[in-house]
Amino acid sequence: MNQLRLSSLIALITLVAVLPACTSPKFANDWQAALQAPQDGIEGAWEGDWKSETSGHHGKLRCLVTKSPADSHTYNFNYWASWATVLSGGFQVTYDVQPSKDGYTVTGESDLGPFGLFHHQGHINDDHFHADYRSKNDQGTFEMSRPH
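Keep in mind that this is a model prediction, so the values were computed, not measured.

Asks: Just checking my understanding: could you explain the layout of surface pockets for this structure?
Replies: Over the atoms rolls a probe the size of a water molecule, and its path tells where empty space is left. When its volume is computed, the largest pocket comes out at roughly 640 Å³. Lining the largest pocket are 20 residues, and of these W83, F91, F115, S135 and D138 sit closest to its centre. Going through the elements one at a time, strand 1 (44-52), strand 3 (74-83), strand 4 (87-100), strand 7 (128-135) and strand 8 (138-145) are the ones with two or more residues in the lining of the largest pocket. By residue number, the principal contributor to the lining of the largest pocket is strand 4, which donates 3 residues. Residue composition of the lining of the largest pocket, grouped by class: 11 nonpolar, 7 polar and 2 charged. Computed from the structure, the second largest pocket encloses a volume of approximately 210 Å³. Taken together, 13 residues make up the lining of the second largest pocket; nearest its centre are D30, A34, L64, V65 and T66. Breaking the lining of the second largest pocket down by element, the ones donating at least two residues are helix 2 (25-36), strand 2 (58-67) and strand 3. Per element, the largest residue contribution to the lining of the second largest pocket is 4 residues, and it comes from helix 2. Among the residues making up the lining of the second largest pocket, the classes are represented as 5 nonpolar, 5 polar and 3 charged.

Asks: Which parts of the structure should I look at to understand unusual backbone geometry?
Replies: Keep in mind that most residues, glycine aside, have a negative phi and that most peptide bonds are trans. One non-glycine residue, D126, lies in positive phi territory at about 40 degrees. The residue D126 is located in the loop between strand 6 (117-125) and strand 7 in this model. For D126, a relative accessible area of 73% corresponds to the exposed category.

Asks: I would appreciate a short explanation of the pattern of salt bridges in the present structure.
Replies: Think of it this way: side chains of opposite charge can pair up when their charged atoms draw near. Here the structure, examined in full by the defined rule, presents 3 salt bridges. Where R62 meets E47, a salt bridge forms, and the shortest distance between an N and an O atom there is 3.5 Å. Residue R62 is found in strand 2, and its partner E47 is found in strand 1; the two are separated by 15 residues along the sequence. Accessibility expressed as a relative area gives 35% for R62, which makes it partly exposed. Among the salt bridges present, the one from D49 reaches K60, with a minimum N-O distance of 3.4 Å. With D49 in strand 1 and K60 in strand 2, the pair connects residues that are 11 residues apart, well separated along the chain.

Asks: I tried to follow the side chain of S68 on my own but got confused; where do I start?
Replies: Mapped onto the secondary structure, S68 falls in the loop between strand 2 and strand 3. For S68, a relative accessible area of 12% translates into the label buried. The residues touching S68, leaving out its near neighbours within four places in the chain, are T74, Y75 and N76.

The rules behind these values
Residues numbered from 1 in each chain as written. Predicted model: local features only at pLDDT ≥ 70, side-chain atom pairs only at ≥ 80, totals over all residues. Heavy atoms only, no water. 1 Å grid on protein atoms, 1.4 Å probe; cavity = no way out; pocket = protein on both sides within 12 Å on 5 of 7 lines; lining within 4 Å. Points joined across faces, edges and corners; volume = space filled by probe spheres on them. Helix = DSSP H or I, 4+ residues; strand = E, 2+ residues; numbered from the N terminus. Nonpolar A, V, L, I, M, F, W, Y, C, P; charged D, E, K, R; others polar. Buried < 20%, exposed > 50% of the residue type's maximum accessible area, 1.4 Å probe, protein only. Salt bridge = Lys/Arg side-chain N within 4 Å of Asp/Glu carboxyl O. Contact = heavy atoms within 4.5 Å.

As structure tokens, this is what we get:
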């Protein structure tokens with residue numbers, strides 16, 4: 001392989017690796033709006049960390065929770081996670097949320113295509129959000145609180 005092709009290949013690989021690290025403009029705008037809005041129940045902005053028990057990988061995690069207009073116990077969870085310092089990505093899932101004696105219980109599963117079914121079970125109270133997750137090849141935890 002000549003030097004020019006090798007340089008082009010390295011540049012392409014670098015670009016593909018770095019581009020996902022840019023937060024989506026929509027999530028960034030929604031995040032800023034949520035920080036300005038009053039936090040109501042479980043709705044609003046959450047941030048913290050995720051950790052894989054399977055691989056030990058970990059990273060920062062943000063989540064925007066909004067009530068679904070479909071039913072009073074259904075909420076949309078829009079996650080944005082980072083890992084390996086330069087990579088990030090997001091996904092949105094809809095879960096059932098039920099009141100409990102000391103907060104709310106969150107349960108559900110979503111089909112994330114090539115990543116398989118994503119199962120999520122958690123608990124939210126006041127300003128703490130803990131969840132356990134498992135998917136096709138991974139399992140781990142989320143720990144989040146309200147941003148300050």
